[in-house]
Amino acid sequence: MDLEVKGVAASPTSQTQPFSGRKKPLQQGWTSGPWAIQNAYPPVVPRLDLGSLVDSDDEDDYSYIPLSTAHIYFNPPNSSSTLGWVPSCQIPYTQHHLKELDQDIIPENLPAPSSKYKLKYQQYNTEMKEGYKQYSQRNSEKTKSNVPHPESPEIKIDDKCVQGKESSVDGLTTLDRKALLQQGFAESPCNAQHSTRKSNAEVVAAEKKKQTVAEQVLVDYLSRAVISDPEQNLTLEKQESTCILPDSKVAPLRFRKRTLHETKIKTQSTLTENVLSHKVQFDGRIITRNGRDACRELIGFFFTHDQSLTIYEYRQFGKNRTNVLPFIHKSIYSHQCGRRKGKQYQVGDFYTGATLTFLSSDHPGLPESIKKNTLLRVRITNIDQMVLDSLKTASVEPDDDIICQEANDSLVLKAIQDVLKEKLHKRGVRILTGLGKYFQQLDKEGDGLLHKSDFKQALKVFHFEISEKDFESLWYILNGNDNDKVDYGEFKRAIIGEMNEYRKSFVRKAFMKLDFNKTGFVSVIDISKCYCAKKHPQVASGHSTEEDIKSSFLETLRESCGKSDEVSYGEFEDYYEGLSIGMENDEDFVNILRTPWGI
């Protein structure tokens, strides 16, 4: 009977048979007989030498350590078998040996880590710190929201936005310095060839868009004038009655379906393409803090033959699908506020930067977000200057008295803005965003209107020193409707000023790239994904990392937002409005938007 002990077959004689068929002698320390008894030395097991493991940079450099120089450590197993593993000298296990086993053995000949792994570790360390910082901020915000604050919002914003005592000699806070880091993109303009190519493509797309809208306007109003004119029914019915018998079974023309080619006459009210060609075309945008409405693409037309105007909205769905719909129907309109209130629009009222005002109640087809406000304000962003100059030569001379009054109003506003200019120097982001948040907290009804006392309180909180005489002049200019409330957006633009339309066009482009769903809000996560600081001068020179520049931007942007996880269009615009204050060159400001956002 054969027995099997621990995987080794044994004969009844319990003797191990020698290996047969072996031509070469065994290695030193091993014999071909009953080797487990004749020679009890175990096989040589060298310790793993970590020094021979090299980085990927030196993969071809293999190092070899002779076996004779390696230290051998071998511990006997706890169990015995037929082939026993017995060391030559059995040394009892002492407490000293147990301590050595417990200790971590760190080789002394480990190579130094390469620069690639150092950079990866640094990035990992930075991401972990930033994640923990964001987590701590969210927890602190939740804690603050649960704890009631007895102080008023006025005091809270005052302490947050006017902090400057802990800053250095220049009077700038840490938030101001982090915001000013964004101006570094002006020193690293993007590729000129790529920028020119992209600008040319945008110009071609804009011209194609304008041509599409102009063709749609001609089709709409020429068709309405010829087909829908009620005079054609009367005239054709008279002609029809002379040639058709009373007992005829032919239905009258007014009950028949008529198309353009069936029209036989030309009425007095019929418009022609030649008449509609005497027009001036302009681009416009809606002045609002609602991001969805502010990014609407509007194209308007002013017709000189009857002093009427119309505004169309251009919509694009995907890459190939477009739609052109009337936003303001063709009619004769008048100014609804300001020095020219009640006066009809003329050619001289149209120029880049002009504001057109309409009553929302007169246009029931407007979106609900726009109809909430009493007035609809449309800012002209671009206009065909050559056509405008040719039409002005044949237009009526404007009223000199109104022009003189508007010039005086501009001087008053300019004087107030010059007084506050030094206060806003290099602090525009913090003060403008703080002022916007403060006005939103005071606007309990949500209509964007505040009382006179609210504006005085805001000027006091933010330390804007304006004399009582200048404030009364300012209030008289803004309160054109003789109401006790004024739109706080108009007030802020009056005392601080605003970017030109060229700069604002790039702000809208950047926001529209982020807000691809056209909701008017962008999450901070999406902003972090799209923001690229690779071309910042401090990153290129090695003084800062991309994460440092990005975290500085996100921190200052969160401070300007009412919510910590999303940014509205108004808050996004206020942020770059503050950066624009200290920059004289338009192209430098455009680089601040074009380089990190890739527009």
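Use the structure listed above.
Quantities reported herein were computed from a predicted structural model and do not represent experimental measurements. Counting restarts for each chain, with residues numbered from 1 along the sequence as it is written. It should be noted that, the model being predicted, local features are given only for residues of pLDDT at least 70 and side-chain atom pairs only at 80 or more, the latter also being counted only at that level, while totals for whole chains, interfaces and linings use all residues. Water and hydrogen atoms play no part in the side-chain values, which are based on all heavy atoms of the structure.

Undergrad: Explanation requested: the side chain of Glu 571 in the structure shown.
TA: Strands here are runs of E lasting at least two residues and helices are runs of H or I lasting at least four, both read from the DSSP assignment and numbered beginning at the N terminus. With respect to the helices and strands, Glu 571 occurs in helix α21 (residues 569–581). When accessible area is computed with a 1.4 Å probe and restricted to protein chains, residues below 20% of their type maximum are described as buried, those above 50% as exposed, and intermediate ones as partly exposed. This count recognises Lys and Arg as positive and Asp and Glu as negative, with His and chain-terminal groups excluded. Salt bridges are defined as contacts in which a side-chain nitrogen from Lys or Arg sits within 4 Å of a carboxyl oxygen from Asp or Glu. The side chain of Glu 571 is buried and forms no salt bridge, while Arg 289, the nearest opposite charge, is found at 5.8 Å. The definition of a polar contact used here is a pair of N or O atoms within 3.5 Å, where within protein one atom must be able to donate a hydrogen and the other to accept one, and adjacent residues in sequence count solely through side-chain atom pairs. Looking at Glu 571, its side chain comes within polar contact range of the main-chain nitrogen of Ser 568, at 3.1 Å. Working rule for contacts: check all heavy atoms of both residues, and any pair within 4.5 Å makes them a contact. Residues in contact with Glu 571, not counting those within four places in the same chain, are Arg 289, Gln 440, Ser 560, Cys 561, Gly 562 and Glu 566.

Undergrad: Please explain the packing of aromatic side chains as it appears in this structure.
TA: Two aromatic rings from Phe, Tyr or Trp, using only the six-membered ring of Trp, form a pair when their centres are within 6.5 Å; if the ring planes differ by under 30 degrees the pair is stacked, by over 60 it is edge-to-face, and anything between is tilted. Counting across every chain of the model gives 25 aromatic pairs. The interplanar angle of 40° and the centroid separation of 6.3 Å between the aromatic rings of Tyr 345 and Phe 358 together place this pair among those described as tilted. Here Tyr 345 is found in the loop between β6 (321–331) and β7 (355–359), whereas its partner Phe 358 is found in strand β7, with 13 residues between them in sequence. Grouped by ring-pair contacts, the aromatic residues Phe 185, Phe 511, Tyr 531, Phe 553, Tyr 569, Phe 572, Tyr 575, Tyr 576, Phe 589 and Trp 597 constitute a single cluster. For Lys 509, the ring lying beneath its charged end belongs to Phe 506, and the centroid distance is 4.6 Å. Note on geometry: a ring has a charge over it if NZ (lysine) or CZ (arginine) is within 6 Å of the ring centre and within 35 degrees of the ring normal.

Undergrad: Is there a simple way to think about the sheet that holds β6 in this case?
TA: For sheets, the rule is that strands pair by backbone hydrogen bonds, running either parallel or antiparallel. Note: two strands are recorded as paired if DSSP finds a minimum of 2 bridges between them. Spatially, 6 strands are ordered β6-β5-β4-β3-β8-β7 in an open sheet, and the strand pairing comes out antiparallel. Each of the sheet's edge strands pairs with one partner strand only, and the pair in question is β6 and β7. The average angle at which neighbouring strand axes cross in this sheet is 35°, direction not considered. The sheet contact formed by strand β4 (residues 297–303) and strand β5 (residues 308–317) spans 7 bridges and is antiparallel. Opposite Gly 300, over in β5, you have Ile 311 as the bridge partner. Whenever a helix is involved, its axis is fitted only over the stretch in contact; in every case the axis is a line through C-alpha atoms, and angles between N-to-C directions fall within 0 to 180 degrees.

Undergrad: Where do I start with the packing of helix α15 (residues 468–478) against helix α16 (residues 488–496) in this structure?
TA: In the contact formed by α15 and α16, the axes pass within 11 Å of each other and the chain directions differ by 130°. The angle between α15 and α16 places the two elements in the oblique class. Handedness of the crossing formed by α15 with α16: right-handed. Taken together, the residues of α16 that come into contact with α15 (itself represented by Phe 471, Leu 474 and Leu 478) are Glu 490, Phe 491, Ala 494 and Ile 495. The classification used treats Ala, Val, Leu, Ile, Met, Phe, Trp, Tyr, Cys and Pro as nonpolar, Asp, Glu, Lys and Arg as charged, and all other residues, Gly among them, as polar. Taken together, the residues that form the contact of α15 with α16 break down as 6 nonpolar, no polar and 1 charged. Angular relationships are summarised with four words: roughly parallel below 35 degrees, roughly antiparallel beyond 145, roughly perpendicular across 65 to 115, and oblique for the angles in between. Crossing chirality is assigned from the near helix's rotation relative to the far helix, an anticlockwise turn below a right angle marking it left-handed and a clockwise turn marking it right-handed.

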